[in-house]
Amino acid sequence: MTTRPLDLLDVDALHSEEELAIRAVVRRIVDDHVRPNVAQWYERGQVPVRDLAKEFASVGLLGMHLPGHGCAGASAVAYGLACLELEAGDSGVRSLVSVQGSLAMFAIWKYGSDEHKDRWLPGMAAGDLIGCFGLTEPDHGSDPGSMTTRARRDGDDWILDGTKMWITNAPVADVAVVWARTEAGVNGFVVPMDTPGVTAREVKHKLSLRASCTGEIVLDGVRLPADALLPAARGLKAPLSCLTEARYGIVWGALGAARDSLHTALDYAGAREQFGRPIAGFQLTQAKFADAAVELQKGYLLAVHLGRRADAGVLRPEQVSVGKLNNVREALAIARQCRTILGANGISAEYPVMRHAANLETVLTYEGTSEIHQLVIGQKLTGLAAFG
Ligand code: FAD
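Thresholds applied
Residues numbered from 1 in each chain as written. Predicted model: local features only at pLDDT ≥ 70, side-chain atom pairs only at ≥ 80, totals over all residues. Heavy atoms only, no water. Axes fitted to C-alpha atoms, helices over the stretch in contact; angles between N-to-C directions. Helix = DSSP H or I, 4+ residues; strand = E, 2+ residues; numbered from the N terminus. Parallel < 35°, antiparallel > 145°, perpendicular 65-115°, else oblique. Left-handed = near helix turned anticlockwise from the far one by under 90°. Contact = heavy atoms within 4.5 Å. Pairing = 2+ DSSP bridges. Near = heavy atom within 4 Å. Polar contact = N/O pair within 3.5 Å; in protein donor to acceptor, adjacent residues only side chain to side chain. Areas by Shrake-Rupley, 256 points an atom, 1.4 Å probe, with all protein chains shown as cover. Buried < 20%, exposed > 50% of the residue type's maximum accessible area, 1.4 Å probe, protein only. Phe/Tyr/Trp six-rings, centres within 6.5 Å; stacked < 30°, edge-to-face > 60°. Domains from an automatic or database assignment. Buried area = accessible area lost by both parts, 1.4 Å probe. Salt bridge = Lys/Arg side-chain N within 4 Å of Asp/Glu carboxyl O. Nonpolar A, V, L, I, M, F, W, Y, C, P; charged D, E, K, R; others polar.

Caption draft 1: Looking closely at the packing of helix α3 (residues 49-57) against helix α5 (residues 91-111). Axis separation between α3 and α5 bottoms out at 11 Å; the angle between their running directions is 70 degrees. In this view, α3 runs roughly perpendicular relative to α5, as classed from their interaxial angle. Of the two elements, α3 crosses α5, and the hand of that crossing is right-handed. Packed against α3, whose contacting residues are Val49, Leu52 and Phe56, the element α5 presents Val93, Leu96 and Val97 at the interface.

The structure is reproduced here in structure tokens:
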């Protein structure tokens, strides 16, 4: 008789029937549409973004925590559970949903005009339109306030020039939320990707997040009408608030990659024999499992706590930093440790563990690197800003 790691503390008791029902739907869609194919997508470095978006939209996963405009309006905890299940399939697949819902749709939902919302959100929620979010530039990642993408006035129009780099979904996107510097500071623009002067090139040769489409967006004299500006987004705090939304999903998502790694290693160690008995029976292996299960559950309790705060409307950005820093760091440690338990098979795409570990290297870096989250927490603790 064995117990699954997250059942040690009976964490399901923390959830409502509705939350568990939503989780079951997402788990099934991942089992049916992601698990059978994801190793192949990963090896090829190609993922059917549009097909997946339609599939996820069919159960309300795109912009699922946003109310209105065709979105499901689910709770933050339900959204977190969805992220966990998606990332148990693959971090890249969860990224597709995060970027669509928490970055592109959220930016339009929170800062857009009624016309922006009517034009884009229903189609994005339905998976007919793919969005992306362009903040990072080739020379400005952790320090987006130094961005060099510029938007200037030409009559009533805006002209955008610059380059955005490492933009998830960009090569397949219909619309980008692009952040650019204007005379007034940092502003957001809704940019249809078929606007003349916009080109998106795929980033090749990734060794992580290969089941995700990543690109560079070049904006060369892109002329946009006056109403392309997100009217309510003023200053860098607007894109940073979108990142807080997406980071919250990562707090949960990373646990999915860790859980899947741990389940795989447990199943493997129970069946694999060396020295005449299952490797799961060796004390050193059990120590690895015990430590990983403890960290997984601690991370889960943290995610539930942050989720309940989000649903109560009192979640603060530095609290999300605590969750992202801890849960991604620990998920990566769990995936690496589980990899060792699979021995040579641990490096094979036949098993998901090394794929999760490689993906989590990206998750550690995007949406604020672990160092930047340490600095955010450090600033709160000391009252002294070490960056910015
Ligand atoms: P840098 O900022 O150059 O950092 C390099 C190192 O220096 C890091 O370890 C960092 O922590 C450290 N460092 C920097 N400043 C400090 C400091 N003050 N103190 C201590 N250490 C510091 N961006 C988007 O806008 N949209 C997307 O959709 C998107 N998708 C992505 C998908 C993938 C697969 C990847 C890999 C990245 C994606 N990003 C996206 C970009 C991501 O957000 C950036 O990579 C991230 O912000 C880090 O920026 P950087 O890579 O330029 O690293």
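What follows picks up the thread again.
Caption draft 2: Summary view of the pairing of strand β9 (residues 214-224). With eight bridges joining them, strand β5 (residues 157-168) and β9 adopt antiparallel strand pairing. Bridge pairing in β9 links Lys164 to Ile217. Pairing between strand β8 (residues 198-202) and β9: five bridges, direction antiparallel. Looking at β9, one finds that Val198 is bridged to Leu219.

Caption draft 3: Summary view of the site of the ligand. Among the 17 residues in the neighbourhood of the ligand, the closest are listed as Thr136, Ser142, Trp166, Thr369 and Glu371. One of the backbone N or O atoms of Leu135 is found 3.0 Å from an oxygen atom in the ligand. Taking Trp166, its main chain carries an N or O atom lying 2.7 Å from a nitrogen atom of the ligand. For the ligand, whose accessible area on its own is 980 Å², the fraction buried by protein is 67%.

Caption draft 4: Geometry of the pairing of strand β7 (residues 185-192). Here β7 lies mainly inside the structure; eight of its eight residues are buried. Once strand β6 (residues 175-182) ends, the chain turns through two residues before running back antiparallel as β7.

Caption draft 5: View of the packing of aromatic side chains. The final tally for this structure, using the stated rule, is six aromatic pairs. Summarising the aromatic geometry, the rings of Trp158 and Phe189 are spaced 5.2 Å apart at their centres and angled 70 degrees between planes, so their arrangement reads as edge-to-face. Here Phe189 lies in strand β7 and Trp158 lies in strand β5, a separation of 31 residues in the sequence. For the residue pair Trp158 and Phe189, the accessibility class agrees, reading buried in each case. Between Phe275 and Phe282, the aromatic rings sit 6.3 Å apart at their centres with planes inclined by 80 degrees, giving edge-to-face as the arrangement.

Caption draft 6: Inspection of the environment of Phe289 at higher detail. Mapped onto the elements of the fold, Phe289 is located in helix α8 (residues 283-311). The exposure class assigned to Phe289 is buried, which follows from its relative accessible area of 9%. When the C-alpha positions of Phe289 and Pro5 are compared, they lie 8.7 Å apart, and in sequence the two are 284 residues distant. Once residues within four sequence positions are removed from consideration, Phe289 is found in contact with Leu262, Ala265, Leu266, Ala269 and Ile341.

Caption draft 7: Structural detail: the environment of Gly63. Position of Gly63 among the secondary structure elements: in the loop between α3 and β1 (67-68). Residue classification places Gly63 among the buried residues on the basis of a relative accessible area of 1%. Note: C-alpha distance between Gly63 and Leu121 (58 residues apart in sequence) is 8.6 Å. Apart from the residues within four sequence positions on either side, Gly63 is in contact with Cys71, Ala72, Gly101 and Met105.

Caption draft 8: Looking closely at the domain arrangement of the protein. Once the domains are mapped, the protein shows domain 1 (5-125), domain 2 (131-228) and domain 3 (237-382). The distance between the C-alpha centroids of domain 2 and domain 3 comes to 30 Å. Between domain 2 and domain 3, the contact holds eight residues from the first and eleven residues from the second. Buried surface at the junction of domain 2 and domain 3, summed over both partners, amounts to about 750 Å²; 74% is from carbon and sulfur atoms. Where domain 2 packs against domain 3, one counts zero salt bridges. At the junction of domain 2 and domain 3, the tally comes to three residue pairs in polar contact (both at pLDDT 80 or more).

Caption draft 9: Quick look at the packing of α5 against helix α6 (residues 114-125). Across the interface, α5 lies against α6 with an axial gap of 9 Å and an inter-helix angle of 160 degrees. By the angle class used here, α5 and α6 are roughly antiparallel. Considering the relative orientation of α5 and α6, their crossing is left-handed. Counting all contacts with α5, which are made through Gln100, Ala104, Met105, Ile108 and Trp109, the residues of α6 involved are His116, Lys117, Trp120, Leu121, Met124 and Ala125. Among the residues forming the contact of α5 with α6, the class breakdown is eight nonpolar, two polar and one charged.

Caption draft 10: Representation of the pattern of salt bridges. Counted by the stated rule, this structure contains 21 salt bridges. Here Arg223 and Asp154 are joined by a salt bridge, their closest N and O atoms 2.6 Å apart. Taken together, the positions of Arg223 in strand β9 and Asp154 in strand β4 (residues 150-154) put the pair 69 residues apart, joining distant regions of the chain. The partly exposed category is assigned to Asp154, whose relative accessible area is 34%. Here Glu216 makes a salt bridge to Arg201, at a shortest N to O gap of 2.8 Å. You can see Glu216 sitting in strand β9 and its partner Arg201 sitting in strand β8, a full 15 residues away along the chain. Shared partners join several salt bridges into a network, and the residues in it are Arg27, Glu85 and Arg259.

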